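Each chain is listed here by its residues.
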Amino acid sequence: MKDRATGTLPPPLRVHRAGETSVLAEYPDTAAVLAAAAAVRALSPAHLLELVPAERTLLLHGAAPRDVGQLADLLSNLPRAAREETGGGETSIGIVYDGEDLEDVAELLGMSTDALISAHSGATWTVAFGGFAPGFPYLVADAPHEASGPPWEVPRRAEPRTSVPAGAVGLASRYCGIYPRPSPGGWQLIGRSDAPLFDVHREPPALLSPGTRVRFTPQRAASRPTAATAAALARAAREAAAVPARLGLHRGAGPGTSSRPALEILSPGPLTLVEDAGRPGRAAIGVSRSGAFDRGALQRANRAVGNPPGAAGLEILLGPLALRAAAPTVVAVSGTQAPVRIGRGDDEVGDVALPADASREQALALDPGDRIEVGPAADGLRLVLAVRGGITQVRRQDRRDDTSGDELIEVLGARSRDTLSGLGPDPLQDGDLLLVGPERGLDAVPTVVAPAGTAPDGPEGADGDAVRIPVLIGPRAELLGDEAVEALLGTDWTVRPDSDRVGVRLDGPAMPVPSGAASVPSEPMLPGAVQVPPSGLPVVYGPDHPTTGGYPVIAVVTRTGLDRLAQAGPGTRLRFVTTDGDGTRWSPPARR
């Protein structure tokens with residue numbers, strides 16, 4: 001696997017471009033992927049934002065299109081990491097072997113339950129990659145010393161469970177996994193563990209990261225609490241976790257805090273989230289970047305109030321959103337076109353009504369008591385509202401005991417709500433109070449703004465009445481063939497109503513899917529990935545996407561395309577068009 005004479009690793013089997021700034025490298029097996037990942041981590045390239053291993057592939061996500069060629073060259077001559085063999089260290093995980101599927105799994109593997117427990121606890125497992133949920137490890141067993149060792153090829157359940165408890169240990173395919181939180185799942189459950197797999201207050205937050213070696217230690221079963229007792233314990237844990245927030249004992253809430261109340265939520269509309277530029281760099285442990293779907297709108301709104309481009313603002317689904325100013329405040333709206341109305345708290349000052357085509361990227365000054373209503377959206381799906389200083393905290397009103405507490409909204413370095421994982425601040429409700437940061441150090445509010453209507457919106461790039469979505473073909477187009485690529489580019493697709501921040505689902509004539517091409521070994525995913533499931537109907541991943549997936553990616557939407565896609569509501573017609581990104585052309589190395 002390694003060239004011991006030169007101290008370098010063999011190059012990948014193939015390298016594919018994956019979108020504007022990423023490459024996807026193929027390797028012969030998981031061990032080669034982990035060796036390459038360890039070597040890249042040891043080099044720590046400055047322009048590398050994400051390094052995501054999967055079963056037989058490794059994704060390197062750069063900061064700009066110019067990084068693509070550099071990352072590919074890096075993989076072709078990669079020095080071996082000094083401590084590659086140890087990976088992420090070794091740990092022991094306690095397990096109670098009392099899973100509901102234990103006997104069925106033993107029968108599938110042709111052994112007794114005792115023999116299964118002995119084999120499972122006697123094996124050394126290695127975390128191949130993370131995915132499905134933050135902290136969920138996909139573990140593979142080292143090759144058994146004896147040829148008679150179990151192959152661990154276990155099929156998923158024919159009918160997935162609607163709820164699998166946190167800590168459940170399961171087998172599926174050749175993997176072993178541990179559920180870090182309650183969720184649906186189809187793995188065969190053989191036991192349970194109380195190991196704290198994921199904790200946002202810990203660094204690193206995932207207990208088991210790719211490369212970590214794991215030994216399972218059998219434990220005796222303790223008496224299980226009744227359902228009522230379990231519910232009471234969960235409720236007590238939630239209340240205990242809320243105490244520090246109510247007492248203001250978390251970051252940014254103590255004496256001398258620079259955060260100040262700015263806006264009160266009067267009506268949040270269908271869905272209003274706090275979003276910023278996201279949390280890159282955590283995909284290897286199952287945490288997607290998240291962040292504003294229409295990132296360009298967030299940057300423009302922040303620019304209009306003098307904030308840094310990635311400061312936290314509000315992402316508003318359709319609207320209308322109604323707020324009341326608690327202090328002198330400057331706000332700006334971007335995204336799709338929508339009317340903005342300001343009702344002044346001072347009767348001597350006239351109200352303001354901005355039509356949908358004149359409301360965007362305008363710095364709007366609010367005085368205490370002023371009410372502002374944003375929306376409803378006129379022709380797109382999402383609005384962004386920026387507040388000078390950036391949103392730093394949310395003061396929640398506890399409706400159970402009529403008390404309030406400041407919510408810690410910065411999670412893993414970002415203030416974004418990830419709707420798939422549940423990380424970040426909860427959706428806003430009426431009565432919530434938004435706190436913002438200091439104005440010191442911010443840019444001045446621009447006195448000259450761009451003419452209204454110059455910002456991109458939903459219909460921009462329309463071809464007839466279909467919105468053009470630019471894509472780069474690949475990385476897995478060759479698995480699906482030219483006919484599938486032609487179908488992708490030649491169809492006017494329609495956005496389905498079940499689309500959201502996780503993925504935009506499309507309707508249209510089913511794309512041809514060659515036999516055997518509808519699934520691939522789990523591979524890293526990225527925002528804008530166009531997956532083709534067996535149905536032949538594409539799904540485009542949004543900012544809250546799973547970090548790994550098992551369907552081939554035929555193309556990747558560009559950053560500009562994602563901003564347009566963020567504004568595509570149900571029924572919107574889309575047409576994919578090819579692009580070279582910013583004009584940077586790159587050809588992958590020839591097949592070895």
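Anyway, here's the lowdown on the structure attached to this text. (Residues numbered from 1 in each chain as written. Predicted model: local features only at pLDDT ≥ 70, side-chain atom pairs only at ≥ 80, totals over all residues. Heavy atoms only, no water.)

1. Here's the deal with the overall build of the protein chain
How we decide: A run of DSSP states H or I qualifies as a helix once it reaches four residues; a run of E qualifies as a strand once it reaches two. Both are numbered from the N-terminal end. Exposure is judged per residue with a 1.4 Å probe applied to protein chains only, and the accessible area is read against the type maximum: over 50% gives exposed, under 20% gives buried, and values in between give partly exposed. Note on contacts: a residue pair is in contact if any heavy atoms of the two residues lie within 4.5 Å. The method behind every accessible area is Shrake-Rupley, applied with a 1.4 Å probe, and residues are considered shielded solely by the protein chains displayed.
Assigned secondary structure in the protein chain consists of 9 helices and 36 strands. For the protein chain, buried positions account for 52% of its 592 residues. Here the analysis covers contacts within the protein chain between residues at least 6 apart in sequence; of these, 74% occur between residues at least 24 apart. With the model as given, the accessible surface of the protein chain reaches about 25,300 Å², and the carbon-plus-sulfur share is 52%.

2. Brief notes about the sheet that holds strand β4 (residues 57–62)
For the record, the criterion: Any two strands between which DSSP finds at least two bridges are classified as paired. Under this scheme, a helix contributes an axis fitted over its contacting stretch, all axes are lines through C-alpha atoms, and angles between N-to-C directions fall in the 0 to 180 degree range.
Read from one edge of the open sheet, 4 strands run β1-β2-β4-β3, paired in antiparallel fashion. Looking along the sheet, the strands with just one partner apiece sit at the ends: β1 (14–18) and β3 (48–53). For this sheet, the mean inter-axis angle between neighbouring strands, taken without regard to orientation, is 20°. Bridge count for strand β2 (residues 22–26) against β4 is 5 bridges, and the pairing is antiparallel. For L24, the partnering residue across the bridge sits in β4 and is L59. Those strands touched by helix α2 (residues 67–76) are β1, β2, β3 and β4, and its axis lies near 140° from that of β4.

3. A short note on a negative patch on the surface
Rule in force here: Patch membership needs two things, relative accessible area over 30% and no salt bridge, and members are linked within 9 Å if like-charged or within 5 Å if nonpolar (Val, Leu, Ile, Met, Phe, Trp, Tyr). In the sections that follow, a salt bridge refers to a side-chain nitrogen of Lys or Arg positioned within 4 Å of a carboxyl oxygen of Asp or Glu. In this count, Lys and Arg are taken as positive residues and Asp and Glu as negative ones, while His and the chain termini are left out. Each charge is placed at NZ for Lys, CZ for Arg, CG for Asp and CD for Glu.
On the surface, a cluster of negative charge is contributed by D346, D347, E348, D351 and D367. Take E348: it is sitting in the loop between β19 (340–343) and β20 (352–354). For E348, a relative accessible area of 76% puts it in the exposed group.

4. Notes on the side chain of Q531
The condition that has to hold: Contacts described as polar in this section are N or O atom pairs within 3.5 Å, which, within protein, must combine one atom able to donate a hydrogen with one able to accept it, while residues neighboring in sequence count only if both atoms come from side chains.
Structurally, Q531 can be placed in strand β32 (residues 529–531). Looking at Q531, its side chain comes within polar contact range of the main-chain oxygen of Y551, at 3.3 Å. Those residues in contact with Q531 that lie beyond four places of it in its chain are M525, L537, P538, V539, Y541, G549, G550, Y551, P552 and V553.

5. Some thoughts on the packing of aromatic side chains
The test is simple: Aromatic pairs are defined between Phe, Tyr and Trp rings, using the six-membered ring for Trp, whenever the two ring centres lie within 6.5 Å; interplanar angles under 30 degrees are classed as stacked, those over 60 as edge-to-face, and all others as tilted.
Enumeration according to the criterion identifies 11 aromatic pairs in this entry. A centroid spacing of 5.2 Å and a plane angle of 55° characterise the contact between W125 and W152, whose relative ring orientation is tilted. Of this pair, W125 sits in strand β6 (residues 125–131) while W152 is found in the loop between β7 (133–141) and β8 (161–164), placing the two residues 27 residues apart along the sequence. With a relative accessible area of 0%, W125 lands in the buried category. Given a relative accessible area of 5%, W152 falls into the buried group.

6. Observations concerning the sheet that holds strand β10 (residues 175–178)
Strand order across the open sheet formed by 7 strands is β5-β13-β6-β7-β10-β9-β12, with mixed pairing between neighbours. Looking along the sheet, the strands with just one partner apiece sit at the ends: β5 (90–95) and β12 (188–192). Strand-to-strand, the axes of this sheet are offset by a mean angle of 35°, without reference to chain direction. In the sheet, β6 pairs with β7 via 6 bridges, with the strands oriented antiparallel. Each residue of the ladder has a partner; that of G131, found in β7, is A133.

7. Overview of the pattern of salt bridges
Scanning the entire structure with this criterion turns up 30 salt bridges. R388 is the salt-bridge partner of E439, the closest N and O atoms lying 2.9 Å from each other. Taken together, the positions of E439 in the loop between β26 (433–436) and β27 (462–463) and R388 in the loop between β23 (382–387) and β24 (391–398) put the pair 51 residues apart, joining distant regions of the chain. Accessibility expressed as a relative area gives 9% for R388, which makes it buried. Via salt bridges that share partners, R14, E26, R476, E478 and E523 belong to a single interconnected network.

8. A few points about helix α8 (residues 482–490)
To keep things clear, this is the line we draw: Think of the arc as the fan of directions from the helix axis to the C-beta atoms.
Residues of α8 that are buried: A484, V485 and L488. Here the buried residues of α8 occupy an arc of 100° about the axis, which is enough to place them on one side. Exposed side chains of α8 directed beyond 90 degrees from the buried face belong to D482, E483 and E486. Looking at the buried side of α8, the elements it contacts are β28 (466–473), α7 (477–480), β29 (493–495), β32, β35 (553–557) and β36 (573–578).

9. So, unusual backbone geometry
In this structure, the amide linkage connecting E203 to the following residue, P204, adopts the cis form with an omega of 0°. Considering the arrangement of structural elements, one finds P204 in the loop between β12 and β13 (213–218). At the junction of G474 and P475, the peptide bond is cis and its omega measures out at 15° in the coordinates. Among the structural elements, P475 can be located in the loop between β28 and α7. A positive phi is found at S44, a non-glycine position, where the angle reads about 50°. Within the secondary structure, S44 is located in the loop between α1 (30–43) and β3. Phi at W152 takes a positive value of approximately 65°, unusual for a residue other than glycine.

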